[in-house]
Amino acid sequence: MMSPGLEGFPAKSNPSSAISGSEIRQRSILYLVDDVSRYGGVRTRVTEEIGCLRGSPWTRVCMISRCNMSNIEAIGPAVSTIREESAVEGLRGLAFPKIPHGGLPLLYELSFLLNSLLLMLIVAPLMMTRRFDLVYGHNNELGALVVLLGRLFGVPTAVDLHGVEVDEYLEAYPEMRRHPGRVRFWKTVERFVLRRAGTVVCVSNAHLGEVKSRAGVALRAHVLPCFADERTFGCQGRSREDVRRSLGVRDDEVLLAYAGLVPERRDEFDPIFFFSSLRDTSSVRLMVLAPDPGSVERARRKIAPSIADKVLILSVPRPLMPEYLCAGDCAILLRRQSIVHRVASPTKFAEYLLCGLPVIISANVGDASALVKEHGIGLVIPPDTHADAISSEALRALAGWDSRDRARAVGLANLSRGRCRQMFLDILDSAVERRRS
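So, how was this worked out
- Residues numbered from 1 in each chain as written.
- Predicted model: local features only at pLDDT ≥ 70, side-chain atom pairs only at ≥ 80, totals over all residues.
- Heavy atoms only, no water.
- Disulfide = S-S within 2.5 Å.
- Helix = DSSP H or I, 4+ residues; strand = E, 2+ residues; numbered from the N terminus.
- Pairing = 2+ DSSP bridges.
- Axes fitted to C-alpha atoms, helices over the stretch in contact; angles between N-to-C directions.
- Core = buried A, V, L, I, M, F, W, Y, C linked by side-chain atoms within 4.5 Å.
- Buried < 20%, exposed > 50% of the residue type's maximum accessible area, 1.4 Å probe, protein only.
- Contact = heavy atoms within 4.5 Å.

Here the focus is the state of the cysteines. Scanning the entire structure with this criterion turns up one disulfide. A sulfur-sulfur separation of 2.1 Å characterises the disulfide bridge that pairs C235 with C326. On the sign convention where negative means left-handed, the S-S torsion of about -95° between C235 and C326 marks this disulfide as left-handed. Here C235, found in the loop between β7 (221-223) and α8 (240-247), pairs with C326, found in helix α11 (residues 321-326); they are 91 residues apart in sequence, far enough to count as distant.

Have a look at this one:
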């Protein structure tokens, strides 16, 4: 656990209005986030958002993260690691283990209340002694606390929703549907956040439409897709030829890439099953970049003898991941048809495009599927279409330099930090100005 270390934050007695003239007063933001002790969607989004603050008036950032106890050895350095990755020297804060729930009935709701109380005890003294121009929270649970803090201390609020979290939880724990009272509880929390937060941040246009329908009232909402730093995700490391040579991939082979957790289920949404179902793999290889030992082991168990010489399972440090992605020809991003994925904005999609990878993607994945179709930067797989419908000629067409250059260009224009930085800063500024007006 780290000390809050808020010596750089202005005391409460300082005036809160911006100074006149050309000089812009530095602004302070209290950032409440979920687990950033391990790599994943939450940590990537948080790191990218905070990285956008570098060189802006938002120079004072206090981040407080609740982390899972299962990763307790990484909780201590979590904030300092984000500081290094985002290059924002003014970042201060702490990370602490939250009370676990294991998905058990009622224990989840109880842990939500206890964790909220614990975080309130940590944050309230900071709010009383330091001035923050904005309280920014991630997800429904922290969003509810952000709303309460904003009301208590008269501070503008913004809540960043990563998707439809109630539905995501119902997918992970379908037995919860047998407890309608619990479902009503979480939908009430969701509705409270949507209606009471000063600003709501969505990840896709599909998500924006969904939250507007769920709120039932007018709300101030913005779309900020999950994006990636183009200076990190690009082909600046080892050459593509060197990496492919080290992997034993021939120049005439099409290398499909998949980066991320390997699911336990073996179905058409599993990259290895998808690869094994292709009509012709004689000149096609699959590279799986697994982030954790569990994914490596699951991937190895799934490889059938018939494709054993075609699949590469690698555990690559995150800083080296871009050069391996750049060695590929196209990427795989498959999702089942559900409301969770219809509103999603996978960070991997941005990373793939910035590394020049056209994407084989399921239909109805947030705004990503439409972007692929509109710009011709991959293949959109309709529902109930199997991998054996994809010909080797179609894959080889994706592997051309034109397709890869176009994928990189679309990524830069839509899902890069250079494109999204000002969008994020405008969201923060408008949240503050709206409260003042």
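Once the structure has been displayed, the description carries forward.
Moving on, we come to the sheet that holds strand β10 (residues 311-314). Across the sheet, which stays open at both edges, the six strands sit in the order β10-β9-β8-β11-β12-β13 with parallel pairing between neighbours. Two strands lie at the open edges of the sheet, namely β10 and β13 (378-381), each paired on one side alone. For this sheet, the mean angle separating the axes of adjacent strands, direction not counted, is 20°. Relative to strand β11 (residues 330-333), strand β8 (residues 254-259) runs parallel, the two sharing two bridges. Each bridged residue has a counterpart across the sheet, and for A257 the counterpart in β11 is A331.

Glancing now at the nonpolar core. Counting residues in each nonpolar core, the largest one holds 64 residues, and the members touching the most others are L256, L278, L289, L325, F349 and Y352. For this core, the element with the most residues is β8, which contributes six residues. Ranked by size, the runner-up nonpolar core spans 41 residues in total, among them A124, V189, V193 and C202.

Right, let's get into the environment of L53. Its location among the elements puts L53 in the loop between α1 (41-51) and β2 (60-67). When the C-alpha atoms of L53 and S80 are compared, they prove to be 16 Å apart, with 27 residues separating the residues in sequence. Excluding anything up to four places from it in sequence, L53 contacts I29, W58, V61, F424, L425 and L428.

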